[in-house]
Amino acid sequence: MLNLNDLQWFVRVVDHGGFAAAARALEVPKSTLSKRVALLEASLGVRLIQRSSRVFVVTDTGQAFYRHAAAMLIEAEAAENVVRGLQAEPAGIVRITASVTTAQLVLAGLLPALAARHPRLQVMLHATDRFVDLVQEGFDIGVRDHSSPLPDSELVQRRVGYEPFYAVASPAYLDAHGGAPLHPRDLAAHDALLLSPAPSAQMWNFQRGGESFAVRPVPRFFADEPWTLLQAALAGVGIGCLPRGLCQPDIEAGRLVRLLADCRYGAGMTTTLLISHRRGQLPSVRAAVDFLAEGMARYRGLEG
């Protein structure tokens, strides 16, 4: 039968990226951690971690085992918090996942303030552009930026922000291409910065007044995240349709020009927090959700 304490040691070693770092954080001897993980591997009959003096790699089996073990510890923490009645002050670990761009532009400014407000809270951010299964991978909160409605799931959805997209280009690009387009149809003759080479992504949809315009610009540059498209726009490569919060500082500084300001591009970008039903009841998670909702609403607004 597995020793559940060994599961905790294993999860903490993976969380800290190695035995030495985990030993320092947990204030236990490195040899103790190594021994307990070895006993766990022997009990399971598999290798969870490949390690040597210079290498620390979690095996594929170890990654799968880690996800379930981490989820089990989260549930144990939730049970303990309920029993102890930690309702007065949020405490414990809050695990958050978000895209790299959102982490850099928004959460990097919010999460330190969250940690400062709640000294007993431990904030753990995982920034990635891959799909993350919150429940299977043990996250409390997922921050999702999306232009289409999110699929139905067992997760609680809390809308916290909305941003329109702005069509932008650098002054150098406009000077080299005959000036700013005056009508959405004019974009068909311009170079475009696009999120995807898929045919549907190459069609730009604008609304002006009661009219809609579908325009296919000239594909010039592709990147599947908006920060790189912003850099391409600043470099004069073409015209991009980017979230307002991403490009507004460069518009105000004169590095970019907003185009077709009387038009609306697409459906805009909505920001939603996804929260597990059970974890969402914890004081620590509730405090983080409320703080993020307030902060992201200030940053991105809720109009639209």
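From a predicted model like this one, the values you see are computed outputs, not experimental measurements.

(A) Examining the pairing of strand S7 (residues 191-194) more closely. Going residue by residue along S7, you find Asp191 and Leu193 tucked away on one face and Ala192 and Leu194 tucked away on the opposite face as well. In the sheet, S7 pairs with strand S10 (residues 218-222) via 4 bridges, with the strands oriented parallel. Within S10, the residue paired with Ala192 across the bridge is Pro219.

(B) Examining the packing of aromatic side chains more closely. Under the counting rule described, the total for this entry stands at 5 aromatic pairs. Ring geometry for Phe206 versus Tyr265: centroids 5.2 Å apart, planes at 55°, classification tilted. Of this pair, Phe206 sits in strand S8 (residues 204-208) while Tyr265 is found in strand S13 (residues 264-275), placing the two residues 59 residues apart along the sequence. Of the two residues examined, Phe206 and Tyr265, each falls in the buried class. One aromatic cluster in this structure is built from Phe165, Trp204, Phe206 and Tyr265. Just above the ring of Tyr166 sits the side chain of Arg258; from NZ or CZ to the centre is 3.6 Å.

(C) Broad picture of a nonpolar patch on the surface. A cluster of nonpolar residues, Leu2, Leu4, Leu44, Val46 and Met72, forms a patch on the protein surface that exposes about 360 Å² of accessible area. For Leu4, the position within the fold is in helix H1 (residues 4-15). Taking relative accessible area as the criterion, Leu4 reaches 52% and is therefore assigned exposed.

(D) Summary view of empty space enclosed by the protein. Per the stated rule, a full pass over the model turns up 1 cavity of 30 Å³ or more. Considering only enclosed or pocket space, the largest cavity measures out at about 30 Å³ in volume. Taken together, Phe165, Tyr166, Ala167, Phe206, Arg258, Leu259, Leu260, Cys263 and Tyr265 make up the full set of residues lining the largest cavity. Residue assignment for the lining of the largest cavity shows that the elements contributing at least two residues are strand S6 (156-169) and strand S12 (257-259). With 3 residues, S6 is the largest single contributor of residues to the lining of the largest cavity.

What counts and how
- Residues numbered from 1 in each chain as written.
- Predicted model: local features only at pLDDT ≥ 70, side-chain atom pairs only at ≥ 80, totals over all residues.
- Heavy atoms only, no water.
- Buried < 20%, exposed > 50% of the residue type's maximum accessible area, 1.4 Å probe, protein only.
- Helix = DSSP H or I, 4+ residues; strand = E, 2+ residues; numbered from the N terminus.
- Pairing = 2+ DSSP bridges.
- Phe/Tyr/Trp six-rings, centres within 6.5 Å; stacked < 30°, edge-to-face > 60°.
- Lys NZ or Arg CZ within 6 Å of the ring centre and 35° of its normal.
- Patch = residues over 30% accessible without salt bridge, like charges linked within 9 Å, V, L, I, M, F, W, Y side chains within 5 Å.
- Areas by Shrake-Rupley, 256 points an atom, 1.4 Å probe, with all protein chains shown as cover.
- Salt bridge = Lys/Arg side-chain N within 4 Å of Asp/Glu carboxyl O.
- 1 Å grid on protein atoms, 1.4 Å probe; cavity = no way out; pocket = protein on both sides within 12 Å on 5 of 7 lines; lining within 4 Å.
- Points joined across faces, edges and corners; volume = space filled by probe spheres on them.

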